[in-house]
Amino acid sequence: MGEAFGLYVALPAGGELVELPVWLSTNTTEFIVSDKVSTYPNPATNVLNIQYSLIEDAEVSVGVYDLLGSKVMEEKLSAQSNQLQNTRMDVSTLDSGLYFVTISAGESKVTKKVQVVN
């Protein structure tokens, strides 16, 4: 397996490329505990399980996006804080390939990459 890759930017003054963070939040209130977000199984066939935890009660949106950035599925949920939340999404109708799952609550977003094999 090769090295991981990221997003880099060249500065106008030249020199080395600067790596940009993969996930950046500009808000001061975080709702999602990012280290408690998981998606499994990966690769998924029929059902994708999504687990997450919130710092505060919030409306949650779970979106699935293809590699072109088009939303192919979405679920809107209400979740309580301080509890591990479990969501199951039926991915049996999706084409095989890579997708991004984005969990959004307030201004917070966490994105995970998943593979679907159908």
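It should be emphasised that the depicted structure is a prediction, and the values quoted were computed from it without experimental measurement. (Residues numbered from 1 in each chain as written. Predicted model: local features only at pLDDT ≥ 70, side-chain atom pairs only at ≥ 80, totals over all residues. Heavy atoms only, no water.)

Participant: Hey, could you go over the side chain of Q51 for me, with residue numbers and the actual values?
Facilitator: Note on placement: Q51 falls in strand 4 (residues 47–53). Within the structure, the side chain of Q51 is placed 2.7 Å from the side chain of N86, a separation counted as a polar contact. Not counting chain neighbours up to four residues away, the residues in contact with Q51 comprise K36, V37, S38, Y40, L84, Q85 and N86. (Helix = DSSP H or I, 4+ residues; strand = E, 2+ residues; numbered from the N terminus. Polar contact = N/O pair within 3.5 Å; in protein donor to acceptor, adjacent residues only side chain to side chain. Contact = heavy atoms within 4.5 Å.)

Participant: Quick rundown of the sheet that holds strand 6 (residues 71–79)? Include the residues and the values.
Facilitator: The sheet built from four strands is open, its strands ordered 6-5-8-9 with antiparallel pairing. Pairing within the sheet leaves two strands with one partner each, and these edge strands are strand 6 and strand 9 (108–116). Across the sheet, the mean angle separating the axes of adjacent strands is 20° when strand polarity is ignored. Two elements, strand 8 (residues 97–105) and strand 9, share nine bridges in a ladder whose sense is antiparallel. Opposite T102, over in strand 9, you have T111 as the bridge partner. (Pairing = 2+ DSSP bridges. Axes fitted to C-alpha atoms, helices over the stretch in contact; angles between N-to-C directions.)

Participant: Describe in detail the sheet that holds strand 7 (residues 84–90), supporting the description with residues and values.
Facilitator: The three strands lie next to each other as 3-4-7, forming an open sheet whose pairing is antiparallel. Two strands in the sheet have a free side with no partner beyond their single neighbour: strand 3 (38–40) and strand 7. Direction aside, the axes of adjacent strands within the sheet are offset by 20° on average.

Participant: Residues and numbers for the pairing of strand 4, please.
Facilitator: Among the seven residues that make up strand 4, six are buried, leaving the element largely enclosed by the rest of the structure. Here strand 3 pairs with strand 4 via three bridges, running antiparallel. Residue S38 lies in a different strand from strand 4, and its bridge partner there is Q51. In sequence, strand 3 turns back onto strand 4 through a hairpin of six residues. (Buried < 20%, exposed > 50% of the residue type's maximum accessible area, 1.4 Å probe, protein only.)

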